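Summary of the model geometry
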Amino acid sequence: MIEKVKRKIIEIGKLLGKEDLTKKGDTISVRVGDSILLTDPSIPLPELTDKDFKRVSQGDNMSPTETLHMAILGYKKEGNAVIVNQAPYCSIVTGKMDKLPAVLDDFAQIVGYSAKVSKSDNVIDILTALKKRNACLIQNGSSLAVGRTLEEAFTGVMVLEKGAKAFVESTIIGNPVKIGLMDALLMNFIYKKKYSKKNQENLLDQIKKTEE
Amino acid sequence: MNEIELRNLVKESGVRLVKEGLVRGTWGNVSVRFDETSMIVTPSGLDYLSLKPEDMVLVDINTLEYTSENKPTTEKKIHAAIYRERPEINAVIHTHSPWCSSMAAAHTEIPAVTDEFVKLIGGEVRVAPYGLPSTSKLTNATVSAIRDRKACLMAGHGVLVCGESLEEAFEVCKMLEESAKNFISDRVSTILGKEEVGLKEIKEAFERASEI
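Predicted model, so just to flag it, every value in this text is computed and none were measured.

Our next topic: the overall build of chain B. Check the secondary structure of chain B and you find seven helices and seven strands. If you list the helices and strands of chain B from N to C, you get α-β-β-β-α-β-α-α-β-α-β-β-α-α. Relative to the compact-globule value of 17 Å for 212 residues, chain B shows a C-alpha radius of gyration of 18 Å, a close match. Taken along the three principal axes of its C-alpha coordinates, chain B extends 55 × 35 × 30 Å. Taken across its 212 residues, chain B has 53% of its residues classed as buried. Accessible surface, chain B: about 9,500 Å² in total, of which carbon and sulfur atoms supply 49%. Here chain B contributes 25 positively and 33 negatively charged side chains, and the mean placements of these two sets differ by 4 Å.

Looking now at the pattern of salt bridges. This structure, assessed with the given rule, holds 19 salt bridges over all chains. For Lys6 of chain A, the salt bridge identified is with Glu3 of chain A, shortest N-O distance 3.7 Å. Residue Lys6 of chain A and its partner Glu3 of chain A are located together in helix H1 (residues 2-18), separated by three residues, close to a single helical turn. A relative accessible area of 14% means that Lys6 of chain A is categorised as buried. A residue is classified by how much of its surface remains accessible, and Glu3 of chain A, at 40% relative accessible area, is partly exposed. Between Glu20 of chain B and Lys174 of chain B there is a salt bridge; the shortest N-O distance is 4.0 Å. In this pair, Glu20 of chain B is assigned in the loop between helix H1 (3-19) and strand S1 (29-33) and Lys174 of chain B in helix H6 (residues 166-192), connecting sequence segments 154 residues apart. Ionic contacts of the salt-bridge type, sharing partners, join the residues Arg16, Glu20, Glu167, Glu171 and Lys174 of chain B into one network.

Once that is clear, we can look at the interface of chain A and chain B. Contact residues are listed per partner, giving 30 residues for chain A and 31 residues for chain B. Carbon and sulfur atoms make up 69% of the surface buried where chain A meets chain B, a total of about 2,800 Å² over both sides. In this assembly, chain A and chain B are joined by one salt bridge. For the pair chain A and chain B, the number of links is nine residue pairs in polar contact (both at pLDDT 80 or more). Per-element tally for the side of chain A that touches chain B: the top contributor is helix H6 (residues 150-173) of chain A, with twelve residues. For the side of chain A that touches chain B, the class distribution of residues is 19 nonpolar, three polar and eight charged.

Our focus in this paragraph is the environment of Met175 of chain B. Residues and elements named next belong to chain B. Assignment of secondary structure puts Met175 in helix H6. Sequence spacing of Met175 and Pro111 is 64 residues, and the spatial spacing of their C-alpha atoms is 12 Å. For Met175, the residues in contact, after removing those within four places along its chain, are Glu116, Phe117, Leu120 and Ile121.

With that out of the way, let us pick up the layout of surface pockets. In this model, the second largest pocket occupies a volume close to 420 Å³. Around the second largest pocket sit 24 residues that line it, and Tyr89, Glu161 and Lys165 of chain A together with Arg24 and Pro98 of chain B are the ones nearest its centre. A per-class count over the lining of the second largest pocket returns eleven nonpolar, six polar and seven charged.

Residue and element names in this part refer to chain B. Compared with the 24 Å implied by 1.5 Å per residue over 17 residues, the 24 Å span of H1 between its first and last C-alpha is a close match. Taken residue by residue, H1 has Leu6, Arg7, Val10, Lys11, Ser13, Gly14, Val15 and Leu17 as its buried positions. On its buried face, H1 sits against S1, strand S2 (38-41), strand S3 (57-60), strand S4 (91-95) and H6. Two or three places before Ile4, at the start of H1, stands the capping residue Asn2, its side-chain oxygen 3.1 Å from that residue's backbone nitrogen. Just downstream of H1, Gly21 is the residue with a positive phi angle, here 75°.

Okay, the pairing of strand S7 (residues 135-138) of chain A next. Residues in a regular strand project their side chains so that they alternate between the two faces of the sheet. Residue and element names in this part refer to chain A. Neither face of S7 is exposed, since Ala135 and Leu137 on one face and Cys136 and Ile138 on the opposite face are all buried. Note that strand S6 (residues 114-118) and S7 share two bridges and pair parallel. The residue bridging Val117 from the neighbouring strand is Leu137, located in S7. What joins S6 to S7 is helix H5 (residues 123-129), and the crossover it makes is right-handed.

Note on sheets: strands pair through backbone hydrogen bonds, and any given pair is parallel or antiparallel. Residue and element names in this part refer to chain A. The strand order across the open sheet formed by eight strands is S3-S2-S1-S4-S8-S7-S6-S5, and the pairing between neighbours is mixed. The sheet terminates laterally at strand S3 (53-57) and strand S5 (99-101), the two strands that pair on one side only. Neighbour-to-neighbour, the strand axes of the sheet open up by a mean angle of 20°, direction not taken into account. Examined bridge by bridge, S5 and S6 share three bridges and lie antiparallel to one another. Within S6, the position partnered with Leu100 by the bridge is Ala115. Taken strand by strand, H6 contacts strand S1 (27-32), strand S4 (81-85), S5, S6, S7 and strand S8 (143-147), and its axis lies near 140° from that of S8.

Here we come to a nonpolar patch on the surface. Taken together, the side chains of Tyr113, Leu181, Met182 and Leu185 of chain A present a nonpolar region at the surface, about 410 Å² in accessible area. Assignment of secondary structure puts Met182 of chain A in helix H7 (residues 181-198).

The rules behind each value
- Within each chain, residues carry numbers counting from 1 in the order of the written sequence.
- Here the convention is simple: chains get letters from A, ligands get numbers from 1, in the order in which they are written.
- Confidence filtering applies because this is a predicted model: local features only for residues at pLDDT of at least 70, side-chain atom pairs given and counted only at 80 or more, and all residues used for totals across whole chains, interfaces and linings.
- Only hydrogens and water are set aside; all other atoms, that is, all heavy atoms of the structure, feed into the side-chain values.
- Secondary structure elements follow DSSP: runs of H or I no shorter than four residues count as helices, runs of E no shorter than two count as strands, and numbering proceeds from the N terminus.
- We compute the radius of gyration from the C-alpha atoms alone; for a globule the expected value is 2.2 Å times N to the 0.38, where N is the number of residues.
- Buried means the residue's accessible area, taken with a 1.4 Å probe over protein chains only, is under 20% of the maximum for its type, while exposed means over 50%, and partly exposed covers the values in between.
- Accessible surface is estimated by sampling points in the Shrake-Rupley manner with a 1.4 Å probe; for residues, cover comes only from the protein chains shown.
- Neither His nor the chain ends is counted toward charge; the positive residues are Lys and Arg and the negative residues Asp and Glu.
- Charged groups are reduced to one reference atom each: NZ for lysine, CZ for arginine, CG for aspartic acid, CD for glutamic acid.
- Salt bridges are identified by distance alone: a Lys or Arg side-chain nitrogen within 4 Å of an Asp or Glu carboxyl oxygen.
- Here, residues are in contact when the closest pair of their heavy atoms is within 4.5 Å.
- Joining two parts hides part of their accessible area as seen by a 1.4 Å probe, and the buried area is that hidden amount summed over both.
- In the analysis that follows, any N or O atom pair within 3.5 Å is treated as a polar contact, provided that within protein one partner can donate a hydrogen and the other can accept it, and provided that, for residues neighboring in sequence, both atoms belong to side chains.
- Polarity classes work like this: nonpolar for Ala, Val, Leu, Ile, Met, Phe, Trp, Tyr, Cys and Pro, charged for Asp, Glu, Lys and Arg, and polar for all others, with Gly in that last group.
- We place a 1 Å grid over just the protein atoms. Points where a 1.4 Å probe fits but has no way out form a cavity, open points with protein on both sides within 12 Å along at least 5 of 7 lines form a pocket, and any residue with an atom within 4 Å of a point lines it.
- Grid points are joined across faces, edges and corners, and a volume is the space filled by probe spheres set on the points.
- A helix's residues, less one, multiplied by 1.5 Å, set its expected span.
- In this scheme, strands are said to pair when DSSP sees at least two bridges between them.
- Whether a crossover is right-handed comes down to one check: with the strands pointing away from the viewer, does the path from the first strand over the helix to the second run clockwise; if it does, it is right-handed.
- Fitting a line to C-alpha atoms yields each axis, with helices limited to the stretch in contact; the angle taken between N-to-C directions then spans 0 to 180 degrees.
- Every patch collects residues that have over 30% relative accessible area and no salt bridge, joining them within 9 Å if they carry like charges and within 5 Å if they are nonpolar side chains (Val, Leu, Ile, Met, Phe, Trp, Tyr).

Pasting the structure below:
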């Protein structure tokens, strides 16, 4: 099972590279039982091999990156995968805004009414930015998405960047129009309800329940 | 063309949309008119690259009924309404293409700046007011905005195009995306007084526009 998770992460790493959504230092983690499987931050995600992973458990001596992933998956009980990446338009927003509002409805549906920008890469600040949300931006230029599956976290990353591009360019045009709060809440609720059923059969969901 | 040929055509169109960067993942949808009362549409929530011709769904344009196991795209109402209202239309494509999405986020029309644009699309590309996905409000707004045109933007959502053939609809998609890119790039140039426009200039223009 662990080998299957590694292969899936390697595949997602390559996809992030293909979409120009990653730089060196980015990381992916997946919950496996009581521990997490994390990529080596010194290896660019598109170049990952099955040797570039570390299994981390509670009580281990952890690096700041490992602590962050462990804390997020501890805080987001429904989440099983985390992607921390650097994407071009998200990086533009992080330097200027304290939150990225939804100006497209797929953003509202998948991310929510807005994504907050964490004021630092400190764990507490990031967890605060993730309150009631499954994605956030970080002032250092990174973005972060949590998913019930790795695929869902990847979709979160894609939608964040698409939403950031639309927000940046609609601001340049002069008129970013936010999706209404009630519409955003409704779409987000329906998305979570609809996809929770599909995910029951998902590989990564099964892995969560599987002890090695 | 017979049903099998049309199913193949829709499948190939989905792949082409992905390869030309007009669609990502499962976003967007394609349909062709099958006969006076039915259309063949892409299914809901499936990746274009893994679709097979048999996955496409035959839908009655009057009742929206279908018999296959796959559900048709959730935007089937819009496709059907256009086929009902405009007998000359044989193909409809809905995308969330990146530059058009930014225009849609700004609720801003794409102006008709060339004779070629007017000839192909019919005039400026209007914006359908925002409506929640799959609702009658969105369907009616979109059908109204695309009237006498081959395209419209859907506020906060994406773009809808139609054509007498799939090939024509593709041409419209490509011209729209190029026009949206040019519109935004021109605005960046105007703000900065520079001709060259890349990500660095977009960031600079965003920072200036945010301060206004």
